[in-house]
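Listed here are the chains, written in short residue letters.
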4 protein chains.
Amino acid sequence: YGKNTIKFLRLHKEGKKHFVKEVEVCAHLRLTSPQEYLDGNNSLVIPTDTIKNIVLVLAKKKGIPSLEEFAIDICNHFMTTFCQVAYVKTYVQEVPWQRLHEDGVPHIHSFICVPDGIRFCEAEQCRNGPLIVFAGIKDLKLMKTTQSGFEGFYKNEHTTLPERHDRILCGELFCKWSYGECKDFDFNCIWKKIRECILEAFAGPPDCGEYSPSYQKTVNCIQMLVLSRVSQVQVIEVVLNNTFYNVVDMKNLGVTNDKEVLVPVEAPYGSCACTLGRK
Amino acid sequence: YGKNTIKFLRLHKEGKKHFVKEVEVCAHLRLTSPQEYLDGNNSLVIPTDTIKNIVLVLAKKKGIPSLEEFAIDICNHFMTTFCQVAYVKTYVQEVPWQRLHEDGVPHIHSFICVPDGIRFCEAEQCRNGPLIVFAGIKDLKLMKTTQSGFEGFYKNEHTTLPERHDRILCGELFCKWSYGECKDFDFNCIWKKIRECILEAFAGPPDCGEYSPSYQKTVNCIQMLVLSRVSQVQVIEVVLNNTFYNVVDMKNLGVTNDKEVLVPVEAPYGSCACTLGRK
Amino acid sequence: YGKNTIKFLRLHKEGKKHFVKEVEVCAHLRLTSPQEYLDGNNSLVIPTDTIKNIVLVLAKKKGIPSLEEFAIDICNHFMTTFCQVAYVKTYVQEVPWQRLHEDGVPHIHSFICVPDGIRFCEAEQCRNGPLIVFAGIKDLKLMKTTQSGFEGFYKNEHTTLPERHDRILCGELFCKWSYGECKDFDFNCIWKKIRECILEAFAGPPDCGEYSPSYQKTVNCIQMLVLSRVSQVQVIEVVLNNTFYNVVDMKNLGVTNDKEVLVPVEAPYGSCACTLGRK
Amino acid sequence: YGKNTIKFLRLHKEGKKHFVKEVEVCAHLRLTSPQEYLDGNNSLVIPTDTIKNIVLVLAKKKGIPSLEEFAIDICNHFMTTFCQVAYVKTYVQEVPWQRLHEDGVPHIHSFICVPDGIRFCEAEQCRNGPLIVFAGIKDLKLMKTTQSGFEGFYKNEHTTLPERHDRILCGELFCKWSYGECKDFDFNCIWKKIRECILEAFAGPPDCGEYSPSYQKTVNCIQMLVLSRVSQVQVIEVVLNNTFYNVVDMKNLGVTNDKEVLVPVEAPYGSCACTLGRK
């Protein structure tokens, strides 16, 4: 198979107000015959350059109402136009431009890049198969400074980690979910709702938080809350890349450090991942 | 000279509410004698490990009320403690953790990383010289989708660029300013005010913007506005790394593209920089 | 499941001669029960810190005769020591330190980092299943300045790419293969042989090269040569990330450019991939 | 001032043999008048696009016999063509393509990227001033597994580092030197000679090495050797970014670790730098 990546900007105006979407599109194609690999016969090969043109023309003609709708448009185009395509997958990722505000007033044509979690989606289809749509958020960095511990774990002669009931929980979240039959979903609205669920499940109530006994349990809480609140989600995968912090031992320096100064532990770093679906 | 980098987290509590600062500190030292280079005599050398300990102990004892106050504390410590230090420079950069909000309610101990411009500062001092403080913002990505052009430039036989009066202006800003005599400035407050000036000068009024005839002129507008509004700033340097976007020519594809689809031009990319002080 | 990454250096001496391996080990574990996710019950969880200790102790006790043997050692240790482990995968990657030579004389304890392709391997095992070993090379950047073209491809109304019979072929190779039943293979020797096959198949004979009608065909040539020369390889996957170069049109600048000055095309960039096994 | 970056490939043939240089050129210009900043008057501004065209045309017409000659050509062109240019600096950096060899036979048109130190140069000139040429190497990673220590350093109540007489010395070298009056130097030959000096001074004799009492002293040894062997070098700056490795304490794991397993210390990391000239 082959894939390629295209970056571009899509502008549109409503009156004098400007709207901008900057996206990176990655299209994977697999052809029905591998003859270009085996025989060097290129007659069915759709060049990268053509794929780029198609993506740009679709963006011009249809706009990008949501990443998901655009990914679906691209899949449909390849499946209906090229009978030599056996499989197509489209990945679309957004540059997080947000409208600039001055004293609370939105600016009509100025934007600032705010990368607090990157939105992406995927649409994939095999010939004669259903169109499957995924959406997700990545590079979302979160931290809880208390209400987290790690105790009661398995111990043997290689164990040196002490038990802790008040550590820092910090990590980078990757979250990807699939929709079932894609009807007329409001993908933008659902995405925002899921992002809120993630933050709420990670942090707990604003006034007191909620104790996390492990990264794994926090991953599960996120999944459970999303599945319970957002009926359109069928399966949800969460990966949490952990950043550990150690309280600096300052005894030799004549100072008591009561979890006030901590250093990140670069290695080992870990991640935990889980995929959860509906019964 | 030598320098080194230390990353750590400083927590503190007010009642049940948690506050977090994660910083990267870089300390440069130059000694009065270069004997460790020339003779391999280490007797005056302050090891990296000791510098790290000092920075962490200062963070514990004094906290980080502002990056600038912390940088000043470090400079002062090295100058007063080590008579073999001829020069010290401290660079402090912040990881942009922001308090998480749920439905507008601030969370007492959860944070999200929002890198929409990174705050940093520098303090430097030669023995017997004044302590000079700089502050700045970097990695601030901004875009205007209209009200920008580039016309009337110098032309010769190597010119192929067409004149444009409605292009995209997009770039990554680096901005660094120096304070004069550092009295009891409210560094946090000043920094926020300067950030607002930058955004305002870049974007212009929210309802109509302001025409930019060049990246250079936009750089100058930012400097002028900061100098006029913030009396504590003595000199201000602005560097704008430009990202150019080309309107895709779709004529061969049978489509009219009225500045709706644009692609970033990876190379050449440029930057313009200017340093401006008070008379 | 969970995974984590450990970086370390393993030294050993033979007489006065030093040998060094710096590796990054990534261990994935899946437990038989997901109770730590669902119930927050950590009693079977093997902490990241323990995994790190095990990897370091194994490195100390067994050394790293080859990446593959070390990966196998780790897998075996986890499977035989922890009955709660249902699946283990170990990825080992090497920092490419090479012995320094002065006027052709090898240095007994000095090394230089030469990243012209990174060696890695993987070993994975399900409980009661076979141990499967993969090896590979990544980040190998190669270029042919001639003997490459792309013609006869599929064309429609979105095609703008001209046919070319003398273009640059440049890309970054990723190559991963699996071994069958792992007997007493000399993994270091096989790896070097496969690397040579890749270079030979990419470049063709030194005096004339060999025409490549497409990236895809070059990928296939690499696979065919490896399978024909190295009997231990069962399946081989090759991914070639293409870098395209365009001949700069200098007509408007009054200069003829006969494929002498070219610029890289940043987007779209593509990749082609293929997996090939024995019948 | 403004600067911009251009990446391109320059090919040439001698008979059937191909030669390739891929470079990144960065040109900084300062104009005699800052009117484009202050007034938005662009009439003297040389657009990025024009600078790119000039660099590409020069590469086509003059080739790139050495990075230094090409950088000088660019400086000369800007100074003699544009009277509004007050200052020009050109930075040229090479992508380290090396000719591929098969069984020791050089290939006529195939290359492999081997980034074991990146060659760069700079040429700068003020109007009516001399043309100054610098050259250098960067990203050169070296390691000595013995013959390095750090003892007798300054100690106080913040000192926790133990003295060591057999540690790992590992780091990334940056080295930049200036030539005096640039006559008809063979820049390619000098550069290779200096690279050899650096390696020799870092490592010492191949059969026994040479003891380094500190990173600083190693930096000085490199400078002294280059200045003594290469008469064309006037001033030389060396920066060594240190990577520290700690011997893992395995006592709690029941294992003796005699400097066999070490882990890199990510923070603090340091660097030491020195600039040395002739008397």
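Residues numbered from 1 in each chain as written. Chains lettered and ligands numbered in written order. Predicted model: local features only at pLDDT ≥ 70, side-chain atom pairs only at ≥ 80, totals over all residues. Heavy atoms only, no water.

(A) Region of interest: the interface of chain D and chain B. Counting from both sides, the interface comprises 53 residues of chain D and, opposite them, 52 residues of chain B. Taken over both partners, the interface formed by chain D and chain B buries close to 4500 Å², and the fraction arising from carbon and sulfur atoms is 58%. If you sort the residues of chain D by the area they bury against chain B, Y37, Y154 and H158 of chain D come out on top, with a joint share of 17%. Counting across the interface, chain D meets chain B through zero salt bridges. There are 20 residue pairs in polar contact (both at pLDDT 80 or more) connecting chain D and chain B. Mapped by element, the contributors of at least two residues to the side of chain D that touches chain B are β1 (2-14), α1 (35-38), α2 (48-62), α3 (67-81), α5 (215-229) and β11 (269-277) of chain D. Of the residues forming the side of chain D that touches chain B, the biggest block, seven residues, is contributed by α2 of chain D. When its residues are assigned to classes, the side of chain D that touches chain B shows 23 nonpolar, 22 polar and eight charged. (Contact = heavy atoms within 4.5 Å. Buried area = accessible area lost by both parts, 1.4 Å probe. Salt bridge = Lys/Arg side-chain N within 4 Å of Asp/Glu carboxyl O. Polar contact = N/O pair within 3.5 Å; in protein donor to acceptor, adjacent residues only side chain to side chain. Helix = DSSP H or I, 4+ residues; strand = E, 2+ residues; numbered from the N terminus. Nonpolar A, V, L, I, M, F, W, Y, C, P; charged D, E, K, R; others polar.)

(B) Geometry of the packing of helix α4 (residues 187-203) of chain C against helix α5 (residues 215-229) of chain C. All names here are of chain C. Remark: α4 packs on α5, axes separated minimally by 9 Å, with the N-to-C direction vectors making an angle of 140 degrees. Compared by their axis directions, α4 and α5 come out oblique. Crossing handedness for the pair α4 and α5: right-handed. For the pair α4 and α5, the contacting residues are K193, I194, C197, I198, E200, A201 and F202 in the first and T218, C221, I222, L225, V226 and R229 in the second. Considered class by class, the residues forming the contact of α4 with α5 number nine nonpolar, one polar and three charged. (Axes fitted to C-alpha atoms, helices over the stretch in contact; angles between N-to-C directions. Parallel < 35°, antiparallel > 145°, perpendicular 65-115°, else oblique. Left-handed = near helix turned anticlockwise from the far one by under 90°.)

(C) Here's a closer look at the packing of aromatic side chains. Residue and element names in this part refer to chain A. Enumeration according to the criterion identifies 40 aromatic pairs over all chains in this entry. Seen from their ring centres, F8 and F70 are 6.2 Å apart, and the 70 degrees between their planes marks the pair as edge-to-face. Taken together, the positions of F8 in strand β1 (residues 2-14) and F70 in helix α3 (residues 67-81) put the pair 62 residues apart, joining distant regions of the chain. A residue is classified by how much of its surface remains accessible, and F8, at 0% relative accessible area, is buried. For the pair Y91 and F120, a centre-to-centre distance of 5.6 Å together with 25 degrees between the ring planes defines the contact as stacked. Highlighted residues: Y91 in strand β3 (residues 85-95) and F120 in strand β6 (residues 118-126), separated in sequence by 29 residues. (Phe/Tyr/Trp six-rings, centres within 6.5 Å; stacked < 30°, edge-to-face > 60°. Buried < 20%, exposed > 50% of the residue type's maximum accessible area, 1.4 Å probe, protein only.)

(D) Examining the UniProt feature "binding site: 5-hydroxyisourate" (unreviewed entry) in chain A more closely. UniProt annotation of "binding site: 5-hydroxyisourate" (unreviewed entry) refers to T48, D49, F150, R167, Q216 and N242 of chain A when read in the numbering used here. Over a stretch of 195 residues, the named residues are scattered through the fold, their C-alpha atoms separated by up to 51.8 Å. Inspection of the secondary structure assignment puts F150 of chain A in the loop between β7 (132-144) and β8 (169-179). In this structure F150 of chain A touches L161, E163, R164, R167, Y211, P213 and S214 of chain A together with N42, V45 and P47 of chain C, once residues within four positions along its chain are discounted. Once you skip the residues sitting within four places of it in the chain, Q216 of chain A turns out to touch C272 of chain A together with E36, Y37 and V45 of chain C. (UniProt positions renumbered as here; feature names shortened; annotations may be inferred.)

(E) Layout of the interface of chain A and chain B. Counting from both sides, the interface comprises 62 residues of chain A and, opposite them, 62 residues of chain B. Together chain A and chain B conceal approximately 5200 Å² of surface at their shared face, both sides included; 67% is due to carbon and sulfur atoms. Linking chain A with chain B are two salt bridges. With a closest N to O distance of 2.5 Å, E260 of chain A and K60 of chain B form a salt bridge. Mapped by element, the contributors of at least two residues to the side of chain A that touches chain B are β1, β2 (17-31), α2 (48-62), β4 (97-102), β5 (105-113), β7, α4 (187-203) and β10 (261-265) of chain A. When β7 of chain A meets strand β5 (residues 105-113) of chain B, the two strands line up antiparallel, connected through three bridges. Bridging across to β5 of chain B, M143 of chain A finds its partner in F111 of chain B. (Pairing = 2+ DSSP bridges.)

(F) Main features of the relation of the copies chain D and chain B. Between the two copies, chain D and chain B, the superposition gives an RMSD of 0.0 Å; the rotation angle is 180 degrees and the shift along the axis is 0.0 Å. Interpreted geometrically, this transformation is the action of a two-fold axis. Residue D139 of chain D of chain D places its C-alpha closer to the rotation axis than any other residue of that unit, at 12 Å. Comparing interface residues between copies, 98% of those in chain D also lie at the interface in chain B; the contact surface is shared. (Least-squares fit on C-alpha atoms with pLDDT ≥ 70 in both.)

(G) Spotlight on the pattern of salt bridges. Residues and elements named next belong to chain D. Inspection of every chain in the model, using the stated rule, returns 40 salt bridges over all chains. One salt bridge in this structure joins E200 and R229, with 2.8 Å as the shortest N-O distance. Of this pair, E200 sits in helix α4 (residues 187-203) while R229 sits in helix α5, and the two are 29 residues apart along the sequence. Overall, the relative accessible area of 39% leaves R229 in the partly exposed class.

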